[in-house]
Amino acid sequence: MTNIPDSYDPDRIESNWQDEWQDSDVYEFDPSDSDTQYVIDTPPPYPSGNLHLGHGLGWSYIDFSARFHRLQGDAVLFPQGWDCHGLPTEVKVEEVNDIHRTDVSNEEFRDLCVEWTNARIEEMKQTMRELGFSQDWSAEYRTMDPEYWGQTQESFVEMADDDMVYRDEHPVNWCPRCETAIADAEVENVDRSGTLYYVTFEGVGNDDIEIATTRPELLAACVGMAVDPDDERFADRVGDTFEVPLFGQEVELVADDDVDPEFGTGAVMICTFGDKQDVDWWAEYDFDLRPVFTEDGHLNENAGEFEGLSIDDAKDEIADALDDEGVLVDSEPTEQSVGACWRCDTPIEILSKEQWFVEVDQDLILEKADDVEWIPEHMHDRLVDWTESMEWDWVISRQRVFATPIPAWECRDCGYWHIASAAECPVDPNEESPAVGECPECGSGATPEESRGAGGEAAETNWRGETDVMDTWMDSSITPLHISGWPQDIDLDDFEPVDLRPQGHDIIRTWAFYTLLRTGALTDEKPWDDILVNGMVFGPDGNKMSKSRGNVVEPDEAIEEYSADAVRQALALGGRPGSDVQFQWKEVKSASRFLTKLWNIVKFAGGHFDEDTPDIADPAYRDADRWILSELTRVADEVEAEMEAYRFDAALRRLREFAWEDLADDYVELVKGRLYNGRPGERAAAEKTLYTAVTSVVRMLSVFSPHVTEEIWQHLPGTEGSVHNAAWPDPDYLDEDAEVAGRHIAETASEVRAWKSESGMPLNEDLDRVELYFEPGQNGKLDTYDLSETVNAPIKLVEGRPDVELVPVDVDGDESEIGPEFRSEAGAVLQGIEAADPAEIQAQIHSGDTVTVEAAGESYDLDADWLSVDEEYRAESGEEVTVLEASFGTILIYE
RNA sequence: GGGUUCGUGGUCUAGUUGGUUAUGACGCGGCCCUUACAAGGCCGAGGUCGGUGGUUCGAAUCCGCCCGAACCCA
């Protein structure tokens with residue numbers, strides 16, 4: 001007898017176990033525990049402070065895998081990192097403290113960012129805790145910690161040593177609002193309405209030409225002009241020279257295939273730079289460089305009288321000036337797609353700047369990506385498409401504050417750039433001088449010993465510390481290395497791919513891409529064996545969750561309404577991993593009902609357990625026991641296979657079906673009689689079977705619903721420690737004969753139960769007797785003990801047909817036999833069977849192996865086995881009897 | 001404009017080697033307190049599997065086209 005509380009109280013259970021786990025080591029990664037490991041490259045989220053259901057889905061998948069592998073006996077590392085650095089935090093800190101980042105020292109500003117970030121992390125950890133995620137918090141990391149960003153720097157140094165990091169002047173995407181360079185991955189295309197201006201350029205010794213542009217503010221930067229080589233309108237004009245209106249520089253016309261002759265007049269101006277196409281042409285035709293924009297989005301001295309105007313103002317004023325000059329021929333509204341900063345949506349410009357770059361080795365990335373198992377598979381295509389479309393190397397320098405410092409110094413005398421050694425990291429080059437001392441290039445003096453270590457003294461040397469910082473993706477693209485223990489515990493050469501990278505599809509071109517790039521470059525290994533890409537979570541209305549739509553559901557809201565254990569199941573069942581999940585209250589509700597059901601199953605079963613139940617030896621199993629144990633064996637195997645394939649939805653569905661339908665509805669009902677009234681030996685077999693089934697289900701289900709299963713586990717006899725440190729059940733009771741018998745027993749019980757319910761009689765109403773008639777070929781041997789107790793009647797088993805009047809009403813042909821046999825005539829044969837007299841067909845079946853059917857004027861001989869005759873009871877003869885049809889034959893009930 | 005994924009009862013969903021009556025949940029209607037569970041049980045209504053053409057004896061499933069949705073890229 002166990003002392004399981006009468007009612008299931010998830011609020012109490014969940015907070016109680018969350019507290020318990022907090023102070024225990026159930027989730028601790030201990031490689032000495034096991035020969036096999038399972039290491040998860042958990043996403044380090046940006047600490048926004050809000051862990052939404054989208055995170056909830058991703059982390060649920062991770063948690064299912066982590067818990068499953070723990071039960072499988074692997075030493076599981078489920079770490080949790082935080083991707084702290086970045087512009088959003090800077091903006092937030094400026095806003096909250098009502099300062100501009102230049103109002104305080106970099107150090108002070110950084111401290112404010114760290115403080116703010118730590119508070120946000122605590123908020124998100126709280127929600128993670130409430131959802132029951134099983135991170136090993138001793139493996140937590142924050143990319144803003146010196147230990148971590150020192151590793152980022154070290155990885156930078158390693159790549160620089162191999163010439164995969166370099167500093168150069170190159171056109172880069174530039175956000176004029178954030179005033180920083182950004183990578184291609186950070187540029188998003190947005191559709192906008194704009195104006196297309198038609199402008200005449202005066203010919204120099206040749207005819208004028210008319211071009212179309214949406215960007216008159218770039219006229220000052222115009223350095224060339226292009227047309228399609230096959231464009232008849234411009235035949236013979238290549239090489240002509242024109243004067244740029246308002247600004248006066250002369251430009252030449254070139255012919256290039258990349259010009260779209262359909263756009264505007266067919267002639268376009270080439271500027272430095274309007275877009276990436278301009279950069280290509282500029283490089284190919286060796287045009288001048290005439291930059292016209294400043295870093296903060298204004299026009300510079302190259303714009304003459306327009307200097308100082310913002311880009312938007314300049315667009316209007318220059319258009320007006322063109323009109324005044326009489327060279328603005330026409331203008332019309334147009335739809336265009338422009339590149340914009342992903343953070344602030346400001347249209348980006350392309351500026352040529354000295355920046356730090358990481359080489360993009362497309363072949364290496366594609367090779368590693370190909371070695372990784374992608375789930376779902378088609379996500380691999382996204383990575384390939386993105387990689388193949390990369391034109392520029394990755395610009396990693398950012399003109400910001402809250403990020404990993406680039407560990408490099410420039411010699412004030414000769415401009416030589418010195419990069420720190422690995423041993424110097426972490427290092428802030430603006431606080432410290434390099435260990436190298438004198439400039440290796442020009443020998444310019446430095447006194448490193450005295451100047452190191454104290455802030456500000458670096459300025460006394462000839463070294464100028466780099467003020468640019470790194471793209472935050474430089475931090476997060478080494479997570480597989482960090483969690484593997486590099487650089488303290490392993491060298492780069494020792495790195496082996498970790499087991500799983502879970503992540504969202506929205507960051508394939510960033511996190512997945514950069515990690516493949518960096519791990520590949522640093523170790524020549526793929527970063528992980530499997531990548532599991534999760535979909536998005538939509539609101540209950542099927543739309544993307546958004547405050548303006550008012551369809552946002554927060555995790556704590558759902559947990560409060562039902563329970564974390566139920567929410568996790570709802571997320572698991574939302575669809576196969578990779579597909580988007582629509583959050584639905586009904587799924588949470590149905591999960592919650594299932595958990596109540598489970599609780600009640602355990603309450604019932606536990607009432608029959610005592611301390612000796614686990615040790616019952618050689619029980620005298622009956623058919624019902626053998627049947628449910630055999631089903632359990634299948635379920636454990638199937639669920640294991642689904643979990644290994646990351647089919648959490650299928651795994652949980654199977655488990656629920658077994659627990660509710662097979663175990664609760666059928667088995668428990670079948671053995672109640674034996675448990676309450678049976679002799680000790682008979683009872684013991686049922687008790688042991690129940691015990692095996694319940695403890696197995698609880699263990700498997702602990703993956704999905706960790707709290708209630710832990711609570712139950714503690715109440716069960718024979719258990720030790722946490723269910724989360726138990727072993728995956730490995731029942732070995734396959735018994736096909738018992739399965740057949742068990743299915744017949746369960747079906748009969750269920751049919752009789754339904755009939756009693758329909759007839760308005762109590763389920764425990766006793767009956768005179770029940771007879772089971774087995775069709776030829778059905779195994780009619782089964783154990784009637786439990787069935788008799790359940791339906792409350794003596795059971796009689798009979799081979800053959802009951803002595804009641806049966807009328808053949810329909811004949812079915814087996815299409816999988818008749819189809820291949822008669823091919824194109826199969827349709828006619830089936831129609832013939834349908835049209836024939838069932839009684840006549842039945843007579844033929846009884847008299848021989850062959851049945852002849854008339855169809856479409858032809859006779860066809862069919863194997864009698866291909867036909868089955870449906871019969872109905874038309875009249876009852878003699879004794880009053882109720883006839884139920886079953887899959888194996890017929891059930892007769894005598895009241 | 002290019003690409004990917006996907007359209008199954010009112011809602012969401014299972015069904016990836018073509019083969020009897022298409023799965024389940026929630027909702028809806030009716031009946032029932034049965035010594036684990038009314039937070040339950042039983043029964044029922046509700047689907048031309050987006051449309052269309054094809055392959056096949058046979059298509060939710062394979063192929064073509066069309067319509068619609070979402071996402072990625074330009």
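Cut-offs used in this document
- Residues numbered from 1 in each chain as written.
- Chains lettered and ligands numbered in written order.
- Predicted model: local features only at pLDDT ≥ 70, side-chain atom pairs only at ≥ 80, totals over all residues.
- Heavy atoms only, no water.
- Helix = DSSP H or I, 4+ residues; strand = E, 2+ residues; numbered from the N terminus.
- Rg over C-alpha atoms; globule rule 2.2 N^0.38 Å.
- Buried < 20%, exposed > 50% of the residue type's maximum accessible area, 1.4 Å probe, protein only.
- Contact = heavy atoms within 4.5 Å.
- Areas by Shrake-Rupley, 256 points an atom, 1.4 Å probe, with all protein chains shown as cover.
- Lys, Arg positive; Asp, Glu negative; His and termini not counted.
- Charge placed at Lys NZ, Arg CZ, Asp CG, Glu CD.
- Arc of directions from axis to C-beta.
- Near = heavy atom within 4 Å.
- Polar contact = N/O pair within 3.5 Å; in protein donor to acceptor, adjacent residues only side chain to side chain.
- 1 Å grid on protein atoms, 1.4 Å probe; cavity = no way out; pocket = protein on both sides within 12 Å on 5 of 7 lines; lining within 4 Å.
- Points joined across faces, edges and corners; volume = space filled by probe spheres on them.
- UniProt positions renumbered as here; feature names shortened; annotations may be inferred.
- Pairing = 2+ DSSP bridges.
- pLDDT = per-residue confidence, 0-100.
- Salt bridge = Lys/Arg side-chain N within 4 Å of Asp/Glu carboxyl O.
- Domains from an automatic or database assignment.
- Axes fitted to C-alpha atoms, helices over the stretch in contact; angles between N-to-C directions.
- Parallel < 35°, antiparallel > 145°, perpendicular 65-115°, else oblique.
- Left-handed = near helix turned anticlockwise from the far one by under 90°.
- Core = buried A, V, L, I, M, F, W, Y, C linked by side-chain atoms within 4.5 Å.

A few points about the overall build of chain A
No. 1: On a plain count of helices and strands, chain A comes out with 25 helices and 33 strands.
No. 2: Computed over C-alpha atoms, the radius of gyration of chain A comes to 38 Å, more than 25% over the 29 Å expected from 2.2 N^0.38 for 895 residues, which places it beyond the range of a compact globule.
No. 3: Along the longest, intermediate and shortest principal axes, the C-alpha atoms of chain A span 115 × 80 × 45 Å.
No. 4: Here chain A holds 895 residues, and 55% of them are scored as buried.
No. 5: In chain A, the proportion of contacts linking residues at least 24 apart, taken out of those at least 6 apart, comes to 76%.
No. 6: If you sum the accessible surface of chain A, you get close to 38,600 Å²; carbon and sulfur atoms cover 40% of it.
No. 7: Positive and negative side-chain charges in chain A, numbering 64 and 206 respectively, have mean positions lying 8 Å apart.

Some points on helix H24 (residues 826–835)
No. 1: Listed in full, the buried residues belonging to H24 are Ala826, Val829, Gly832 and Ile833. The buried residues of H24 occupy one face: seen down the axis, they fall within an arc of 120°. Across from the buried face of H24, at angles greater than 90 degrees, the exposed residues are Gln831, Glu834 and Ala835.

Comments concerning the protein's contact with RNA strand B
No. 1: Within the structure, RNA strand B sits among 41 residues, and Arg509, Gln584, Lys586, Tyr676 and Arg823 are positioned closest to it.
No. 2: Counting only atoms of RNA strand B within 4 Å of the protein, the sugar-phosphate share comes to 61%.
No. 3: Between a phosphate oxygen of RNA strand B and a side-chain N or O atom of asparagine 189, the distance comes to 2.9 Å.
No. 4: A distance of 3.1 Å separates a phosphate oxygen of RNA strand B from a polar atom in the side chain of lysine 672.

Considering the layout of surface pockets
No. 1: Put simply, the second largest pocket is a space of about 1,400 Å³.
No. 2: Arg215, Gly274, Asp275, Ser337 and Val338 are, among the 48 residues lining the second largest pocket, the residues nearest its centre.
No. 3: Only strand E7 (187–203), strand E8 (209–213), strand E12 (267–271), helix H6 (276–285), helix H7 (311–325), strand E13 (328–341), strand E14 (349–358) and helix H9 (379–389) provide two or more residues apiece to the lining of the second largest pocket.
No. 4: For the lining of the second largest pocket, the element with the most residues is E13, which contributes six residues.

Let's talk about the UniProt feature "binding site: ATP" (unreviewed entry) in chain A
No. 1: Here, UniProt's "binding site: ATP" (unreviewed entry) annotation points to Lys547.
No. 2: With respect to the helices and strands, lysine 547 occurs in the loop between strand E24 (537–538) and helix H14 (555–561).
No. 3: The exposure class assigned to lysine 547 is exposed, which follows from its relative accessible area of 82%.

Quick word on the pairing of strand E11 (residues 250–255)
No. 1: Here strand E9 (residues 222–227) runs beside E11; their pairing, made up of three bridges, is parallel. When the sheet's bridge partners are listed, methionine 225 is paired in E11 with leucine 253.
No. 2: Bridge count for strand E10 (residues 241–243) against E11 is three bridges, and the pairing is antiparallel. Bridging across to E11, glutamate 243 finds its partner in glutamate 250.
No. 3: The hairpin formed by E10 and E11 contains six residues between the paired strands, and leucine 246 there has a positive phi angle of roughly 70°.

Considerations on the sheet that holds strand E16 (residues 394–395)
No. 1: Taken in spatial order, the four strands make up an open sheet running E6-E5-E14-E16, and their pairing is antiparallel. Only two strands of the sheet have a single neighbouring strand rather than two, namely strand E6 (180–182) and E16.
No. 2: Bridge count between strand E5 (residues 165–175) and E14: 10 bridges; the pairing is antiparallel. In the strand pairing of E14, asparagine 173 is matched with isoleucine 350.

Focus on the confidence of the model for chain A
No. 1: Of the residues in chain A, 97% have a pLDDT of 70 or more, and the chain-wide mean is 90.
No. 2: Taking the mean pLDDT of every element in chain A, the minimum, 48, falls on helix H10 (residues 448–451) and the maximum, 98, on strand E4 (residues 141–142).
No. 3: Residue range residues 448–459 is modelled with pLDDT below 50. Its contacts to residues more than four positions away, or to other chains, number 22 contacts.
No. 4: Both scores are given for the predicted complex: the pTM is 0.91, the ipTM 0.93.

Observations concerning the pattern of salt bridges
No. 1: Scanning the model with the defined rule gives 46 salt bridges in all.
No. 2: Glutamate 295 serves as the salt-bridge partner of lysine 353, at 2.9 Å between the closest nitrogen and oxygen. Taken as a pair, lysine 353 in strand E14 and glutamate 295 in the loop between H6 and H7 lie far apart in primary sequence, 58 residues in all.
No. 3: Note on glutamate 295: relative accessible area 35%, which makes it partly exposed.
No. 4: Between arginine 679 and glutamate 682 there is a salt bridge, with its nearest N and O atoms 3.2 Å apart.
No. 5: Relative accessible area serves as the criterion here: at 13%, glutamate 682 is assigned to the buried category.
No. 6: Here the salt bridges do not stand alone but share partners, grouping Glu122, Lys125, Glu140 and Arg142 into one network.

Describing the domain arrangement of chain A
Interface size is commonly expressed as the accessible area that is lost once the parts come together.
No. 1: The assigned domain composition of chain A is domain 1 (1–15 + 605–734), domain 2 (31–82 + 132–163 + 362–392 + 475–587), domain 3 (188–342), domain 4 (742–803 + 879–894) and domain 5 (805–875).
No. 2: Relative to domain 5, the C-alpha centre of domain 3 lies at a distance of 81 Å.

What to know about the packing of helix H17 (residues 623–644) against helix H19 (residues 680–701)
When two helices pack together, you describe them by how their axes are tilted relative to each other and by the distance separating the axes.
No. 1: One can describe the packing of H17 onto H19 by two numbers: an axis separation of 10 Å at closest approach and a directional angle of 15°. In this view, H17 runs roughly parallel relative to H19, as classed from their interaxial angle. The chirality of how H17 crosses H19 is left-handed. From H17, Asp625, Ile628, Leu629, Leu632, Val635, Ala636 and Val639 reach across to H19, where they touch Ala685, Ala686, Thr689, Thr692, Ala693, Ser696 and Met700.

Thoughts on the nonpolar core
If you look at soluble globular proteins, the nonpolar side chains tend to sit buried side by side.
No. 1: Met643, Tyr667, Leu690, Phe704 and Val770 are the most contacted members of the largest nonpolar core, which has 127 residues in total.
No. 2: A per-element tally of this core places helix H18 (residues 648–677) first, with 13 residues.
No. 3: In this view, methionine 643 contacts Phe64, Phe68, Phe648, Ala651, Val703 and Phe704; residues no more than four positions away in its chain are not counted.

Observations concerning unusual backbone geometry
For residues other than glycine, phi is negative in most cases, and the peptide bonds are mostly trans.
No. 1: Here threonine 272 and phenylalanine 273 are connected by a cis peptide whose omega angle stands at -5°.
No. 2: Relative to the helices and strands, phenylalanine 273 is located in the loop between E12 and H6.
No. 3: The backbone of glutamate 179 sits at a positive phi, close to 55°, despite the residue not being glycine.
No. 4: Position of glutamate 179 relative to the elements: it lies in the loop between E5 and E6.
No. 5: Positioned with a positive phi, leucine 246 is a non-glycine residue whose angle comes to about 70°.
No. 6: With respect to the helices and strands, leucine 246 occurs in the loop between E10 and E11.
No. 7: For leucine 246, a relative accessible area of 31% gives the class partly exposed.

Quick word on the sheet that holds strand E20 (residues 463–465)
Hydrogen bonding along the main chain pairs the strands of a sheet, whether they run parallel or antiparallel.
No. 1: In space, the three strands of this open sheet follow the order E19-E18-E20, with antiparallel pairing throughout. Two strands lie at the open edges of the sheet, namely strand E19 (417–419) and E20, each paired on one side alone. If you compare each strand with its neighbour and ignore which way they point, the axes differ by 35° on average.
No. 2: Where strand E18 (residues 408–411) meets E19, three bridges bridge the pair, whose relative direction is antiparallel. Considered in E19, the bridge of alanine 408 is made with isoleucine 419.

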